[in-house]
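Geometric and topological summary
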Amino acid sequence: MTEPILKTVPPAAGKADVLRVTWCGLIVNLLLTGLKLVAGIIGASQAVVADAFHSLSDLSTDVAVLVGVRYWSAPPDKTHPYGHGKIETIVTASIGLALAAVAAGIGYNALTTLHEKDAGHPGWIAFAAAAVSIVTKEALYRWTVRVGRRAKSPAVVANAWHHRSDALSSVPAAAAVAVAVFFPSWSFVDHVGALVVAMFILQAAWAIIKPTLGQLVERSASTDVRDQIERIVLDTPAVRSTHAIRARYVGSGLQVDLHIQVEPQMSVLDGHEVARQVRRRLTEQGPDVTDVIVHLEPYLPDGADARTPAPKEE
C-alpha cells in the first residue's frame with residue numbers, strides 16, 4: 001500500500017510576510033547603496049565604496065526572493081507533482097553565489113590597490129554612512145530572519161544573512177575610516193578594511209551555499225531527523241515495526257518514504273487507516289514533513305517469508 005500526502009509550504013500568510021519584508025529590504029538597500037556610494041566618494045574611503053557595492057548586491061537577492069517565492073510556494077501540479085521546492089533551493093544557492101562574486105571583486109580590488117597612495121584621506125562622512133548601515137541592516141536582519149523562520153523558508157533566511165553580512169562588513173569599514181582620520185599616514189588601513197569586508201562576505205556566502213549543495217545532490221536528512229521520524233511512527237497504534245526510512249529535503253519541506261509492519265491478519269481497510277495515521281502524525285508532528293509515502297507490510301517472526309502462506313487452522 002503506497003499513498004502520498006502533500007501540503008504546501010509556505011502558507012499564504014507566510015508568503016505575504018515574505019513579500020512585505022523583502023520589499024522593505026529592497027527599498028532600504030537601494031537607499032543605503034546611494035548613501036554609502038556618495039559618502040565613500042566624498043569621504044575618499046575605498047572600504048565604504050566597497051560596502052556600497054555589497055548593499056547593491058543585496059538588491060539582486062531581494063529581487064530573486066520576490067520572484068522566486070511566487071513559484072516555490074505554488075501547490076503541486078501535473079508537471080510538478082512533488083511541488084516546486086527545488087526553486088527555493090536554487091534561489092538560495094544563487095544568493096550565496098552572488099555574495100561570493102561580490103566578495104571576490106572587493107577582495108581583488110583591495111589587494112591590487114593596497115600599495116597605492118590615496119588622493120585624499122577618508123573623512124567623517126564616510127564613517128557616518130557606515131554607522132547608519134550597521135544599525136539599519138542589523139534591524140533589517142532581525143526582522144527578515146524572524147519572518148523566514150516563521151515561514152520555514154531557507155531562501156528568506158539566507159537573504160536575512162545577506163543583510164547581516166552587510167551590517168558586519170560595515171564594522172571594519174567604519175573602523176578603517178576612523179583609524180585613517182585620526183592617523184592620516186595610515187591611510188592604507190582603509191584598503192585593509194575593504195579586504196576584511198570581503199572576507200566577511202565570503203564566509204557568509206559559504207554558510208548559505210553549503211546546505212543547498214546537499215539538497216541539490218539529494219543528500220539524506222540527518223540521523224537525528226530520521227530518528228525523530230522513527231519515534232513518531234513507532235508511537236502510532238498498531239505499528240509493530242518500521243524500516244527503510246528515507247528522507248530528503250525539497251526546498252524547505254521534507255519528503256519521507258518508509259515501510260511499516262502490521263499484523264498479517266489485519267484487513268486492507270484497517271491497514272489503510274494505520275497508514276493514514278502514520279502520515280497524519282508525521283505531517284503534524286514531524287520535522288517540516290510535507291510529503292509521506294507509506295509502504296505497508298505484514299509483521300512476521302524473524303526468518304519468516306511474507307510469500308509463504310500462513311498455516312491453516314485445524
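Residues numbered from 1 in each chain as written. Predicted model: local features only at pLDDT ≥ 70, side-chain atom pairs only at ≥ 80, totals over all residues. Heavy atoms only, no water.

**Focus on the nonpolar core**
Worth spelling out the cut-off: Only buried residues count toward a nonpolar core, which is a set of Ala, Val, Leu, Ile, Met, Phe, Trp, Tyr and Cys residues joined through side-chain atoms within 4.5 Å. The classification of residues rests on relative accessible area computed with a 1.4 Å probe and restricted to protein chains. Under 20% of the type maximum is buried, over 50% is exposed, and intermediate values are partly exposed. Helix and strand assignments come from DSSP, with helices taken as H or I runs of at least 4 residues and strands as E runs of at least 2, each series counted from the N terminus. Contacts were defined at the residue level, with two residues in contact if any of their heavy atoms lie within 4.5 Å.
Ranked by size, the top nonpolar core spans 33 residues in total, and within it Val18, Leu99, Ile106, Ala194 and Ile201 carry the most contacts. If you list the elements that add at least two residues to this core, you get α1 (12-42), α2 (46-72), α3 (85-112), α4 (124-150), α5 (154-182) and α6 (188-216). Contacts of Ile106, omitting those with residues within four sequence positions, involve Ala50, Ala194, Val197, Ala198 and Ile201. In terms of nonpolar packing, the next biggest core, distinct from the first, is built from 20 residues, Ala221, Leu254, Leu258 and Ala275 among them.

**Observations concerning α4**
The α-helix winds at 3.6 residues per turn, so residues separated by three or four positions along the chain end up facing the same way. Filter applied, for reference: By this rule the span expected of a helix is its residue count minus one, scaled by 1.5 Å.
Taking 1.5 Å of rise per residue, the 27 residues of α4 would be expected to cover 39 Å, and the 40 Å separating its terminal C-alpha atoms lies within 8% of that figure. Turning to α4, its buried residues number three or more, namely Ala126, Ala129, Ala130, Ser133, Lys137, Glu138, Leu140, Tyr141, Thr144, Val145, Val147 and Gly148. A positive phi of about 55 degrees marks Lys152, the residue just after α4.

**Section: the pattern of salt bridges**
For clarity, the cut-off: One side-chain nitrogen of Lys or Arg within 4 Å of one carboxyl oxygen of Asp or Glu is enough to make a salt bridge.
Tallied over the full model, the rule gives eight salt bridges. Of the charged contacts, one joins Arg150 and Asp17 as a salt bridge, the two residues approaching to 3.5 Å between their closest N and O atoms. Placement of Arg150 in helix α4 and of Asp17 in helix α1 is noted, with a sequence separation of 133 residues between them. A residue is classified by how much of its surface remains accessible, and Arg150, at 52% relative accessible area, is exposed. In this structure, Asp257 and Arg246 form a salt bridge, with 2.9 Å as the shortest nitrogen-oxygen distance. Pair noted here: Asp257 is in strand β3 (residues 253-262) and Arg246 is in strand β2 (residues 241-250), with a separation of 11 residues, a long-range link. Overall, Arg246 belongs to the exposed group, its relative accessible area being 55%. Connected via shared salt-bridge partners are Asp17, Arg20 and Arg150.

Don't take any of this as a statement about function, it's just geometry.
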